[in-house]
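Tertiary structure, described
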Amino acid sequence: MVSITVENLSKRFGKTVALNDISLKIEAGELFFLLGASGCGKTTLLRHLAGFYSPDKGKILFGSEDVTATPPHKRNTAMMFQSYALWPHMTVARNIAFGLEERKIPRAEIKQRVIEVLDTVKMAEYSERKINELSGGQQQRTALARALIVRPQCLLLDEPLSNLDAKLRLEMRSEIRRICKQFGLTAVYVTHDQKEALSIADRMAILDAGSVSQVGTAQEIYRSPR
């Protein structure tokens, strides 16, 4: 796990100010939410943490290391997308193993780590199924397993539950929190769903028009909103 520090981060796309001098400190092992309406800058900020965007000014630190100019594949982060981005022609096990195969990890170690992470996300019995044979919740667990297997120091989640029905969203909220705590991950989670944030976040930042309006625990923000 690693702490994340964002210092005076700003980003423009043409005339649009996406991020406006944002500063945040996310503690190591924290499940931290970025909450706000569409267009407030939360996904743009998450993509800066992943290394997909470069800021116009400001910097990002993982622990004491400045990673502002570090490419995505060298940040030891894993990102879980809203669409899951799974390969339909591969089995569950092959989807999960892909990141390790790309890193040239020995085959025996890959097999063992796939077994372990399938157990963690309660998908062991589905390892040889194709993606199109899975329910939405099972696809979500597969995407989560693929992110976890590379043993990231930071897990980035971009509205991961938005494609699920209400019952599955409730179930997967608590599962994501359980898994993040079990693995000791620092996790940054983007959502526009207030209930989602209030129910499982350690702390959260409320974003509005590219700026941070408030940072605090769910209790602090619910009882004393700015």
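Look a little higher up for the structure.
Conventions adopted
- Residues numbered from 1 in each chain as written.
- Predicted model: local features only at pLDDT ≥ 70, side-chain atom pairs only at ≥ 80, totals over all residues.
- Heavy atoms only, no water.
- Helix = DSSP H or I, 4+ residues; strand = E, 2+ residues; numbered from the N terminus.
- Buried < 20%, exposed > 50% of the residue type's maximum accessible area, 1.4 Å probe, protein only.
- Pairing = 2+ DSSP bridges.
- Axes fitted to C-alpha atoms, helices over the stretch in contact; angles between N-to-C directions.
- Parallel < 35°, antiparallel > 145°, perpendicular 65-115°, else oblique.
- Left-handed = near helix turned anticlockwise from the far one by under 90°.
- Contact = heavy atoms within 4.5 Å.
- Nonpolar A, V, L, I, M, F, W, Y, C, P; charged D, E, K, R; others polar.

Things to note about unusual backbone geometry
Despite not being glycine, Arg 151 shows a phi value in the positive range, around 55 degrees. Looking at the secondary structure, you find Arg 151 in the loop between helix H4 (136-148) and strand E7 (154-158). Judged by its relative accessible area of 48%, Arg 151 falls in the partly exposed class. Non-glycine residue Ala 209 carries a positive phi angle of around 50 degrees. In this fold, Ala 209 is placed in the loop between strand E9 (203-208) and strand E10 (211-216). For Ala 209, a relative accessible area of 55% corresponds to the exposed category.

Considerations on the sheet that holds strand E8 (residues 186-191)
If you walk across this open sheet you meet the six strands as E6-E7-E8-E3-E9-E10, and the pairing is mixed. Lying at the two open borders of the sheet, with one neighbouring strand each, are strand E6 (77-80) and E10. When the angles between neighbouring strand axes are averaged without regard to direction, this sheet yields 20 degrees.

Observations regarding the pairing of E6
Burial along E6 is two-sided: Thr 77 and Met 79 facing one way and Ala 78 and Met 80 facing the other are all buried. In this sheet, E7 lies alongside E6 in parallel orientation, the contact comprising four bridges. Residue pairing in the sheet places Met 80 in a bridge with Leu 157 of E7.

Looking at the packing of helix H2 (residues 92-102) against helix H3 (residues 107-120)
At a minimum axis distance of 10 Å, the contact between H2 and H3 shows a crossing angle of 125 degrees. Relative to H3, H2 is oriented oblique. In the packing of H2 onto H3, the handedness of the crossing is right-handed. Where H2 abuts H3, its residues Val 92, Ala 93, Ile 96, Ala 97, Leu 100 and Glu 101 lie against Ile 110, Arg 113, Val 114, Val 117 and Leu 118. Of the residues that constitute the contact of H2 with H3, the class distribution is nine nonpolar, no polar and two charged.

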